[in-house]
Amino acid sequence: MTHWAYEDAAGDADDEPLVRPYTITRGRTSAGRDDLTLITVITAVGDGALPEPAASRGLQPEHRTVLGLCREPAAVAEIAAGLDLPVSVTKILLGDLIGAGLARARPPATFMTEDGAPDMALLQAVRDGLRNL
């Protein structure tokens, strides 16, 4: 887990983040997307390697950390925990990466069929998988 430790002018470490959220987000308070929920799954495009310098202009260290966390599919909540940042800030960073074509978002799997009934086959597969643990 990445911790953005803060040291004040006296050099004492506090529990405050190194960079205030408004600095990380460049003053933005919204991701500009309403499809990012706590359980939305994010995946880095390609192999999750850092983009070429031209493609990475404007990316902050937190963006690069997000790409590393998204090499394997991860939920927005997991990414926020890995960054040790508020979910609202994480959503803004994710929106930047999705907008730049460096990450993809997909809705979480649903346990409902098209007609709104529970998908019993999927629920049974989950139950069987949990029993095998």
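First, a word on scope: everything that follows refers to the structure included in this document. Every value quoted in this text rests on a predicted model; they were computed, and no experiment measured them.

What about the nonpolar core?
Core analysis: the biggest nonpolar cluster contains 20 residues, and Ile42, Val66, Ile79, Leu94 and Leu97 have the highest contact counts within it. Element by element, the count of residues in this core is highest for helix α4 (residues 87-99), at 5 residues. Apart from residues no more than four positions distant in its own chain, leucine 94 is found in contact with Leu36, Ile42, Val66, Val76 and Ile79.

Quick word on a nonpolar patch on the surface
A contiguous nonpolar surface patch, about 670 Å² in accessible area, is contributed by Phe111, Met120, Leu122, Leu123, Val126, Leu130 and Leu133. Looking at where leucine 123 falls in the secondary structure, it is placed in helix α5 (residues 120-131).

Re the side chain of threonine 43
Counting through the fold element by element, threonine 43 comes out in strand β3 (residues 41-44). For threonine 43, a relative accessible area of 17% puts it in the buried group. Ignoring sequence-local partners within four residues, the contact set of threonine 43 consists of Cys70, Pro73, Ala103 and Arg104.

Side note on the packing of helix α3 (residues 76-83) against α4
Contact geometry for α3 and α4: axes closest at 9 Å, N-to-C directions at 105°. Looking at the two axes, α3 sits roughly perpendicular to α4. Taking contact as the criterion, the partners of Val76, Ile79, Ala80 and Leu83 in α3 are, on α4, Val87, Thr90, Lys91, Leu93 and Leu94. Each residue belonging to the contact of α3 with α4 can be placed in one class, and the counts come to 7 nonpolar, 1 polar and 1 charged.

Quick look at the environment of alanine 105
Checked against the element boundaries, alanine 105 lands in strand β5 (residues 103-106). Separated by 65 residues in the primary sequence, alanine 105 and threonine 40 have C-alpha atoms spaced 6.6 Å apart. Non-local contacts of alanine 105, meaning those with residues more than four positions away in its chain, are made with Leu36, Thr40, Val41, Ile42 and Ile98.

Quick word on the sheet that holds strand β4 (residues 74-75)
Across the sheet, which stays open at both edges, the 3 strands sit in the order β4-β3-β5 with antiparallel pairing between neighbours. Edge strands, defined here as strands with exactly one partner in the open sheet, are β4 and β5. By the bridge criterion, 4 bridges tie β3 to β5 in an arrangement that is antiparallel. Paired with isoleucine 42 across the strands is alanine 105, a residue of β5. Where α4 meets the sheet, its contacts fall on β3 and β5, and the angle it forms with β5 comes to roughly 110°.

Looking at unusual backbone geometry
What is expected of a backbone is that most residues other than glycine have negative phi and most peptide bonds are trans. A positive phi is found at aspartate 84, a non-glycine position, where the angle reads about 60°. Tracing the backbone through its elements, the reader meets aspartate 84 in the loop between α3 and α4.

Regarding the pattern of salt bridges
A complete count under the given rule lists 1 salt bridge for this structure. For the salt bridge of aspartate 128 with arginine 127, the shortest nitrogen-to-oxygen distance reads 3.3 Å. Here aspartate 128 falls in the partly exposed class, since its relative accessible area comes to 35%. Using a relative accessible area of 39% as the deciding quantity, one classes arginine 127 as partly exposed.

Brief notes about helix α2 (residues 61-69)
Considered for burial, the residues of α2 that qualify are Glu62, His63, Val66 and Leu67. Buried residues in α2, looked at end-on, bunch into an arc of 145°, giving them a common side.

Conventions we followed
Residues numbered from 1 in each chain as written. Predicted model: local features only at pLDDT ≥ 70, side-chain atom pairs only at ≥ 80, totals over all residues. Heavy atoms only, no water. Core = buried A, V, L, I, M, F, W, Y, C linked by side-chain atoms within 4.5 Å. Buried < 20%, exposed > 50% of the residue type's maximum accessible area, 1.4 Å probe, protein only. Helix = DSSP H or I, 4+ residues; strand = E, 2+ residues; numbered from the N terminus. Contact = heavy atoms within 4.5 Å. Patch = residues over 30% accessible without salt bridge, like charges linked within 9 Å, V, L, I, M, F, W, Y side chains within 5 Å. Areas by Shrake-Rupley, 256 points an atom, 1.4 Å probe, with all protein chains shown as cover. Salt bridge = Lys/Arg side-chain N within 4 Å of Asp/Glu carboxyl O. Axes fitted to C-alpha atoms, helices over the stretch in contact; angles between N-to-C directions. Parallel < 35°, antiparallel > 145°, perpendicular 65-115°, else oblique. Nonpolar A, V, L, I, M, F, W, Y, C, P; charged D, E, K, R; others polar. Pairing = 2+ DSSP bridges. Arc of directions from axis to C-beta.

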